[in-house]
Amino acid sequence: SKAQLFDAENKVKITFKDVAGLDEAKEEVQEVVEFLKKPSKFTRLGGKIPKGALLVGPPGTGKTLLAKAVAGEAGVPFFSLSGSDFVEMFVGVGAARVRDLFKQAKDKAPCIIFIDEIDAIGRMRGKGQMPGSNDERENTLNSLLVEMDGFGTDSGVIILAATNRPDVLDSALLRPGRFDRQISIDKPDIVGREAIFSVHLNNLRLSPDVDAKKLAAQTPGFAGAEIANVTNEAALIAARRDKEAVDMQDFQDAVDRVIGGLEKKNKIISPEE
Ligand code: ATP
């Protein structure tokens, strides 16, 4: 996906019902939906619509999904880019991409711009960890700041950005008129996991013994992305076993497999931390 830095999905089909749990976060972004749908309702007394909000939380918890759902609920286009795409860019390219994206978005307003992993662009200046790429990252960050300041609050463009490292962000990004709102997206508790399982189970042909509550109890610490992964693995395992429907045994084996994968990943990662 490196080649395709951003994409405009003119019709976003994802809505809030696809996002399980996250009730508080949904309530907060509901406001963004209303800003996009009926800006005049909010600006008539002289108030300014916020330009951006930061979605803060660990990987795989549904930040991208929620941002897409905002676009889906408001019926507006969704433009996205990921900070990690900018890591190895030639000088000038990152800044040009940012300008390009904002130009497209302004043409298609009202719309959402989503910036995933904004910390990869928006680290405190002078404290980058990627040798050689610092200047270019700063250029990219500066162009992002310039673009954000350059459009009026009545432009109809709202920027949502995601990070799991709000502590490393350059404070310039967090100033009023930029990402001055933070919405936290936490890992699901047992009730949230049950809700996420239920959403994903909807897509499968299930045996009657499959129980979202039991699965939620067996998956402490799992984020939504891992739950989606378990559900898909279970369906593949059941298919390999030539079953007519996915049953609880398939889910058990899928949970074991996903836990095994996570352990392996942690073993590789932990020496560096
Ligand atoms: P990252 O920070 O790694 O980009 P993220 O927080 O943006 O992760 P998503 O990409 O939105 O996470 O989640 C990955 C997938 O996990 C989603 O496409 C969806 O299938 C599933 N998922 C995550 N959270 C939820 C949720 N709350 N409800 C339903 N599905 C979820």
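Model, not experiment: these values are computed from the prediction.

## Let's talk about the overall build of the protein
Summing up its helical and strand segments, the protein has 10 helices and 6 strands in all. Expressed as a percentage of the 273 residues in the protein, the buried residues total 44%. The long-range fraction of contacts in the protein, counting pairs at least 24 apart against all pairs at least 6 apart in sequence, stands at 78%. On the protein, roughly 14300 Å² of surface is accessible, and the fraction owed to carbon and sulfur atoms is 50%.

## Overview of helix α9 (residues 224-240)
For α9, with 17 residues, the first-to-last C-alpha span of 24 Å sits near the 24 Å given by 1.5 Å per residue. Of the residues making up α9, those classed as buried are Gly 224, Glu 226, Ile 227, Val 230, Thr 231, Glu 233, Ala 234, Ile 237 and Ala 238. Just downstream of α9 lies Asp 242, where phi reads positive at about 55°.

## Some points on the nonpolar core
Core analysis: the largest hydrophobic core is formed by 28 residues, its most contacted members being Leu 36, Val 70 and Ile 112. Elements represented by at least two residues in this core include exactly α1 (23-37), β2 (52-56), α3 (63-74), β4 (111-116) and β5 (157-163).

## Here we look at the site of the ligand
Among the 17 residues in the neighbourhood of the ligand, the closest are listed as Ala 20, Gly 60, Lys 63, Thr 64 and His 200. A distance of 3.1 Å separates an oxygen atom of the ligand from a polar atom in the backbone of Thr 61. One nitrogen or oxygen atom from the side chain of His 200 is found 2.9 Å from a nitrogen atom belonging to the ligand. Protein coverage of the free-state accessible area of the ligand, which is 620 Å², stands at 77%. Mapped by element, the contributors of at least two residues to the shell around the ligand are α3, α7 (190-201) and α9. Class assignment for the residues of the shell around the ligand results in 8 nonpolar, 6 polar and 3 charged.

## Observations concerning helix α4 (residues 93-107)
Over its 15 residues, α4 extends 21 Å from the first C-alpha to the last, a length consistent with the 21 Å expected when each residue adds 1.5 Å. Burial in α4 covers these residues: Gly 94, Ala 95, Val 98, Leu 101, Phe 102 and Ala 105. For α4, the arc enclosing every buried residue in end-on projection is 125°, short of the 170-degree limit, so these residues lie on one face. The exposed residues of α4 that point more than 90 degrees off its buried face are Lys 103 and Asp 107.

## Focus: the packing of α1 against α3
Where α1 contacts α3, the two axes come as close as 9 Å, and the packing angle between them is 40°. Of the possible angle classes, the one that applies to α1 and α3 is oblique. The handedness of the crossing between α1 and α3 comes out as right-handed. Here Ala 25, Lys 26, Val 29, Val 32, Val 33, Leu 36 and Lys 37 of α1 come into contact with α3, specifically with Leu 66, Val 70, Glu 73 and Ala 74. Of the residues belonging to the contact of α1 with α3, the class tally is 8 nonpolar, no polar and 3 charged.

Criteria and cut-off values
- Residues numbered from 1 in each chain as written.
- Predicted model: local features only at pLDDT ≥ 70, side-chain atom pairs only at ≥ 80, totals over all residues.
- Heavy atoms only, no water.
- Helix = DSSP H or I, 4+ residues; strand = E, 2+ residues; numbered from the N terminus.
- Buried < 20%, exposed > 50% of the residue type's maximum accessible area, 1.4 Å probe, protein only.
- Contact = heavy atoms within 4.5 Å.
- Areas by Shrake-Rupley, 256 points an atom, 1.4 Å probe, with all protein chains shown as cover.
- Expected span 1.5 Å × (residues − 1).
- Core = buried A, V, L, I, M, F, W, Y, C linked by side-chain atoms within 4.5 Å.
- Near = heavy atom within 4 Å.
- Polar contact = N/O pair within 3.5 Å; in protein donor to acceptor, adjacent residues only side chain to side chain.
- Nonpolar A, V, L, I, M, F, W, Y, C, P; charged D, E, K, R; others polar.
- Arc of directions from axis to C-beta.
- Axes fitted to C-alpha atoms, helices over the stretch in contact; angles between N-to-C directions.
- Parallel < 35°, antiparallel > 145°, perpendicular 65-115°, else oblique.
- Left-handed = near helix turned anticlockwise from the far one by under 90°.

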